[in-house]
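Here is how the chains run, residue by residue.
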Amino acid sequence: MSGNAPPTVRIQALRNSMQPTERRVADAILDAPDEVVELTAQQLADRAGVARSSVVRACQTFGFRGYPQLRVALAAELGSGAPAVTDHGGGVLGRLRTAIDRAAAALPASTSLLDAEGLERARDAVVGAGRLLVVANGLSSPIASDLAMRLTAAGRPAEVIADAIAQQISARQLGARDVCVVVSGSGANEASLRAASAAARGGAAVIAITSFAASPLVDLATHALVIAPAGTSFRDELEHTSRAAHALFVEAFVDEVASRMPDAGGAVRAQVLEILSDNLGEAALDR
């Protein structure tokens with residue numbers, strides 16, 4: 001995990017893998033970081049209902065030597081001037097604007113868990129793959145479909161399969177020259193994990209696009225691309241599940257892939273534009 005990630009982003013990304021007492025410390029911090037930064041380790045322990053030693057262990061799990069280092073990092077994050085989410089009031093339009101502001105406020109931190117070398121290795125694996133299979137289930141399925149379509153349109157053919165059993169069958173036929181990209185926000189979707197495991201058994205590289213740095217999918221992956229969760233707390237992530245950051249990442253990642261295959265990509269883009277032009281013409285005639 002990148003050491004440049006703000007502490008709340010680190011904590012959120014690791015939360016799913018923590019022990020229950022550490023998770024209580026994490027939730028106490030995420031629910032009110034502006035209050036926690038003023039607390040002593042004992043006061044935080046009392047608030048979370050755990051022993052002081054659990055606070056220290058939790059801080060070490062977050063990647064800090066202890067609680068003082070966490071407080072300093074938290075103070076720096078709070079002082080960075082992150083934009084507050086404006087409440088635009090009631091009504092459909094007001095609630096819609098508030099939701100968009102919430103997603104926009106989280107986007108700057110969405111790439112803070114990525115490291116440049118890991119991202120380059122994943123990109124190069126996609127560019128050089130023989131077969132490229134993109135897998136997802138549940139809420140991540142539209143992201144996988146978008147990724148496969150964009151890659152194919154950029155000249156890097158990619159397969160996407162909707163049925164969970166068919167995903168596993170196709171993944172098991174991948175070999176050492178192939179790549180399976182698995183999109184799962186939680187990193188714990190059982191059907192996606194089975195497909196990832198099937199791909200790995202055949203020797204294929206597995207690229208995980210997920211929101212949590214510690215998960216069963218990350219454990220299986222050759223390359224883990226962790227997009228920071230959009231929620232400011234675990235409860236917020238559950239109530240306002242967003243894939244906006246994943247969608248933007250997919251667009252930028254495909255552009256990077258296309259930049260590494262300019263000859264094939266240029267020819268395919270010309271073909272795509274021709275097809276789009278033909279279809280737009282037919283649609284215009286139908287009106």
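Let us look at the structure shown here. Remember, it's a predicted structure, so these values are computed and weren't measured experimentally.

Let us now look at the overall build of the chain. When its secondary structure is counted, the chain shows 15 helices and five strands. Buried residues in the chain amount to 44% of all 287 residues. Excluding contacts between residues fewer than 6 apart, the proportion of contacts in the chain whose partners are at least 24 apart in sequence is 69%. Accessible surface, the chain as shown: approximately 14200 Å² in total, 55% of it carbon and sulfur.

In this section: helix 5 (residues 52-61). Because the α-helix completes a turn every 3.6 residues, residues three or four places apart line up on one side. All buried positions along helix 5 are accounted for by S54, V55, A58 and C59. For helix 5, the arc enclosing every buried residue in end-on projection is 140°, short of the 170-degree limit, so these residues lie on one face. Immediately beyond the C-terminal end of helix 5, within one or two residues, lies G63, with a positive phi of roughly 105°.

Take the environment of G79 next. Tracing the backbone through its elements, the reader meets G79 in the loop between helix 6 (67-78) and helix 7 (91-106). With 45 residues separating them along the chain, G79 and D34 place their C-alpha atoms 9.9 Å apart.

Relative to the assigned elements, G89 resides in the loop between helix 6 and helix 7. When sequence neighbours within four positions are dropped, the list of residues in contact with G89 reads G94 and R95.

Procedures and definitions
Residues numbered from 1 in each chain as written. Predicted model: local features only at pLDDT ≥ 70, side-chain atom pairs only at ≥ 80, totals over all residues. Heavy atoms only, no water. Helix = DSSP H or I, 4+ residues; strand = E, 2+ residues; numbered from the N terminus. Buried < 20%, exposed > 50% of the residue type's maximum accessible area, 1.4 Å probe, protein only. Contact = heavy atoms within 4.5 Å. Areas by Shrake-Rupley, 256 points an atom, 1.4 Å probe, with all protein chains shown as cover. Arc of directions from axis to C-beta.

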